[in-house]
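# Descriptive structure summary
Each chain is listed here by its residues.
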Amino acid sequence: MTITTVGIIGAGTMGNGIAQACAVSGINVVMVDISETAVQKGLAAVAGSLDRLIKKEKITEADKAAALARIQTSIRYEDLKPAQLVIEAATENDALKVKILQQLDALLGEDVLIATNTSSISITRLAAATRRADKFIGMHFFNPVPMMALVEIIVGLQTSDATHDAVQALAQRLGKTPITVKNAPGFVVNRILIPMINEAFFVLAEGVATAEDIDAGMKLGCNQPIGPLALADMIGLDVCLAVMEVFLEEFGDGKYRPCPLLKEMVAAGRLGRKTGQGVYSY
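The residue numbering used here restarts from 1 in each chain and proceeds along that chain's sequence as written. Owing to the predicted nature of the model, reporting of local features is limited to residues with pLDDT of at least 70; listing and counting of side-chain atom pairs is limited to 80 or more, with chain, interface and lining totals taken over all residues. To obtain the side-chain values, all non-hydrogen atoms of the structure were included, while hydrogens and water were left out.

Before going further, it helps to examine the overall build of the protein chain. Counting from the N terminus, the helices are the DSSP runs of H or I reaching at least four residues and the strands are the DSSP runs of E reaching at least two. Check the secondary structure of the protein chain and you find 11 helices and eight strands. Only C-alpha atoms enter the radius of gyration, while the globule expectation follows 2.2 Å times N to the 0.38, with N the number of residues. The C-alpha atoms of the protein chain give 19 Å as radius of gyration, which agrees with the globular expectation for 282 residues (19 Å, within 12%). The buried label goes to any residue with under 20% of its type's maximum accessible area, the exposed label to any with over 50%, and the partly exposed label to all in between, with areas taken from a 1.4 Å probe on protein chains only. For the protein chain, the proportion of its 282 residues judged to be buried stands at 46%. Summarising the internal contacts of the protein chain: among those between residues at least 6 apart in sequence, 65% fall at separations of at least 24. For the protein chain, the accessible surface area stands at approximately 13100 Å², while carbon and sulfur atoms represent 54% of it. Asp and Glu are treated as the negative residues and Lys and Arg as the positive ones, with His and the ends of the chain left uncounted. Where a charge lies is defined by one atom per residue type, namely NZ (Lys), CZ (Arg), CG (Asp) and CD (Glu). Here the protein chain contributes 26 positively and 30 negatively charged side chains, and the mean placements of these two sets differ by 3 Å. The criterion used for residue contact is that any of the two residues' heavy atoms lie within 4.5 Å. Only the protein chains shown count as cover for residues, with accessible areas throughout obtained via the Shrake-Rupley method and a probe of 1.4 Å.

Counted as salt bridges are all cases of a side-chain nitrogen of Lys or Arg within 4 Å of a carboxyl oxygen of Asp or Glu. This model, assessed by the stated rule, comprises 10 salt bridges. Ionic pairing is found between Arg-76 and Asp-79, a salt bridge with its closest N-O pair at 3.6 Å. Classification of Asp-79 as partly exposed rests on a relative accessible area of 22%. One connected set of salt bridges, linked through shared partners, spans Glu-88, Glu-92 and Lys-97.

Before going further, it helps to examine helix H8 (residues 211–222). In this model, H8 (12 residues) spans 16 Å end to end at C-alpha, consistent with the 16 Å of a helix rising 1.5 Å per residue. Among the residues of H8, Ala-211, Ile-214 and Asp-215 are the ones counted as buried. On an axial view of H8, the arc spanned by its buried residues comes to 95°, and they lie on one face. Exposed side chains of H8 directed beyond 90 degrees from the buried face belong to Leu-220 and Gly-221. Elements that come into contact with the buried residues of H8 comprise helix H7 (189–205) and helix H9 (228–235). A positive phi of about 60° marks Asn-223, the residue just after H8. Expected helix span is given by 1.5 Å per residue-to-residue step, counting one fewer step than there are residues. The directions considered for the arc run from the helix axis to the C-beta atoms.

Turning to the nonpolar core, a few remarks are in order. Within the largest apolar cluster, 37 residues are counted, with the highest numbers of intra-cluster contacts made by Val-6, Ile-18, Leu-85, Ile-87, Met-139, Phe-141 and Leu-170. Sort the elements by how many residues they give to this core and helix H1 (residues 13–24) lands first, with six residues. The contacts of Leu-85, once residues within four sequence positions are left out, are Ile-3, Thr-5, Val-6, Gly-7, Val-112, Leu-113, Ile-114, Ala-115, Met-139 and Leu-170. Among buried residues, those of type Ala, Val, Leu, Ile, Met, Phe, Trp, Tyr and Cys that are joined through side-chain atoms within 4.5 Å constitute a nonpolar core. Within the second largest apolar cluster, 24 residues are counted, among which are Ala-200, Ala-230, Leu-241 and Met-244.

Before going further, it helps to examine the side chain of His-140. The residue His-140 is located in strand E6 (residues 136–141) in this model. Assessed through its relative accessible area of 5%, His-140 is described here as buried. Reaching out from His-140, the side chain makes a polar contact with the side chain of Glu-152 at a distance of 2.8 Å. Beyond its immediate chain neighbours, meaning those up to four positions away, His-140 contacts Asn-117, Thr-118, Ser-119, Leu-150, Val-151, Glu-152, Ile-154, Phe-187 and Asn-190. Under the rule applied, a polar contact is a pair of N or O atoms within 3.5 Å (in protein, one hydrogen donor and one hydrogen acceptor; residues adjacent in sequence only if both atoms are side-chain atoms).

As a further point, take unusual backbone geometry. Glycine aside, residues mostly have negative phi angles, and peptide bonds mostly take the trans form. The omega torsion across Asn-143 and Pro-144 is 0°, close enough to zero to call that bond cis. Structurally, Pro-144 can be placed in the loop between E6 and strand E7 (150–155). If you check the backbone angles, Glu-57 has positive phi at about 60° while not being a glycine.

The next subject is a positive patch on the surface. Judged by side-chain charge, Arg-52, Lys-55, Lys-56 and Lys-58 come together as a positively charged surface patch. Along the chain, Lys-58 turns up in the loop between helix H2 (36–55) and helix H3 (61–69). On the accessibility criterion, Lys-58 (57% relative accessible area) is exposed. Residues with no salt bridge and a relative accessible area higher than 30% make up the patches, which join like charges within 9 Å and nonpolar side chains (Val, Leu, Ile, Met, Phe, Trp, Tyr) within 5 Å.

Another aspect to go through is the packing of aromatic side chains. In this scheme Phe, Tyr and Trp rings, the latter by its six-membered ring, pair at centre separations within 6.5 Å, and the angle between planes marks the pair as stacked below 30 degrees, edge-to-face above 60, and tilted otherwise. Per the stated rule, a full pass over the model turns up three aromatic pairs. Relative to Tyr-256, the ring of Phe-247 lies with its centre 5.4 Å away and its plane at 65°, an arrangement referred to as edge-to-face. Relative to Tyr-256, the ring of Phe-251 has its centre 5.0 Å away and its plane inclined at 25°; by these criteria the two rings are stacked. Accessibility expressed as a relative area gives 6% for Tyr-256, which makes it buried.

A surface patch of nonpolar side chains, amounting to about 240 Å² of accessible area, comprises Ile-179, Val-188 and Ile-192. If you trace the backbone, Val-188 turns up in the loop between strand E8 (177–182) and H7. Note on Val-188: relative accessible area 35%, which makes it partly exposed.

Listed below in structure tokens is the structure:
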């Protein structure tokens, strides 16, 4: 299958980032969200990101215009029908994703592939909510999508080889490096990363070191480009907590217990960069 049009559910940070990556690579996009305000905000985010690339002389004004021309925005799922692949990039909420996927499954042609951008929810379980489990797959992009090279391609128990191969080829066309992952909680990257972030919160809560020194230690001692606490603020503390809770539920292992400080900060609405306050102030 040659994918020339990609539908995207969600115009937020991940959705508009995926839209930009596709459009810059010559792929037509239909980006859908629940309101005109939301989709226009997403389109404005793409335009702003492209402007920054122009300033860095990575692209030209003509490249920007061509990319934006490839992005159609809509609040109607019906406008997704021309797509060969639809990527669901909604909030990391199991019930919400199932609802969206079932709506898509009923609407789209039987040959259309569906992918989810989940960072922790079972691909096998989400696939089972549709009537096209063999054409269902996970595409876990990383934030910020236009800059991050990795895409985890997660195959559920029912995912066909043809679906995997088509999605892998698309990821490569986007200039990404795909890795193929079996379905498991957290897949590869978050299985390793989020517990490390959680442990950093335990170290902070115990007063072992300041947030600045914890991050400096991991940057300078482990050659990480950003410390785990600053990274948590970038990801969103609510997202980190949600992933840890999935691990605890799925594995039933106490080593995945979310740090109480992380839970407390989420309860206080201190979610990181998106709220202006997390471990650090922005």
